[in-house]
Amino acid sequence: MHATPRAKVTWGEVAVRDGADAARLTKALNKLLKAATTRADWGKRKDKSGTFTLSARVTTFEWQESDGVVHLDLAAVGKVLGGSGVKTKIRVGGKPSERKKLEKDGLRIVADGLVTRLADVVRRKK
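Definitions and cut-offs
Residues numbered from 1 in each chain as written. Predicted model: local features only at pLDDT ≥ 70, side-chain atom pairs only at ≥ 80, totals over all residues. Heavy atoms only, no water. Helix = DSSP H or I, 4+ residues; strand = E, 2+ residues; numbered from the N terminus. Expected span 1.5 Å × (residues − 1). Buried < 20%, exposed > 50% of the residue type's maximum accessible area, 1.4 Å probe, protein only. Arc of directions from axis to C-beta. Contact = heavy atoms within 4.5 Å. Pairing = 2+ DSSP bridges. Axes fitted to C-alpha atoms, helices over the stretch in contact; angles between N-to-C directions.

Colleague: So what exactly am I meant to see when it comes to helix H1 (residues 22-39) here?
Modeller: Taking 1.5 Å of rise per residue, the 18 residues of H1 would be expected to cover 26 Å, and the 26 Å separating its terminal C-alpha atoms lies within 8% of that figure. Of the positions making up H1, those classed as buried are Ala 22, Leu 25, Leu 29, Leu 32, Leu 33, Ala 36 and Thr 37. On an axial view of H1, the arc spanned by its buried residues comes to 140°, and they lie on one face. Of the exposed residues in H1, those oriented more than 90 degrees away from the buried face are Ala 23, Lys 27, Lys 31 and Thr 38. Buried positions along H1 lie against strand S1 (8-15), strand S2 (51-66) and helix H2 (99-125).

The structure is reproduced here in C-alpha cells:
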C-alpha cells in the first residue's frame, strides 16, 4: 500500500513594515511560518505539480502604551501564488517589561492564523 504524496509548500516573500527592527522581525516571522507550515494539513497532492508558493506580509505592527499596560496590534496578509489571499489580525497586551514575549507571542499567533487559513485555501483549490 502506497501513501498519497502530500502537497509541497514553499515560502516566497516574507516581509514586514520598514523600520530599524525589520530584519529581526522578518527572520522571526519566517521561522514561525515555517514551523506552522509543518504542522498544518495541506491536503493530499493529486498531481506531480502539487507545489504551492506562499507569501506573507505584516501590514500592521504597532505598540501602544497606557496606564502601565502595553498593547501590540498586529495584522498580516498571506497569499497563495496565483490564488486567494487571507488576512489575520490580533491585539496582545501585557506589562511593558514583557515586550519581547508579547512580540513573539503575537507573531506566533499571526503566523499560525495565516498558515491555517492558507492551508484551507490550498485544500479547497484542489
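Colleague: So what exactly am I meant to see when it comes to the sheet that holds strand S3 (residues 69-80) here?
Modeller: Strand pairs in the sheet, formed through backbone hydrogen bonds, run parallel or antiparallel to each other. Ordered in space as S1-S2-S3-S4, the four strands form an open sheet in which the pairing is mixed. Each of the sheet's edge strands pairs with one partner strand only, and the pair in question is S1 and strand S4 (85-94). Shown here is a sheet whose adjacent strand axes are inclined to one another by a mean of 25°, direction ignored. Relative to S2, S1 is paired through six bridges, and the arrangement is parallel. Bridging across to S2, Thr 10 finds its partner in Thr 53. Here H1 sits on the sheet and contacts S1 and S2; the angle it forms with S1, its principal contact strand, is near 160°.

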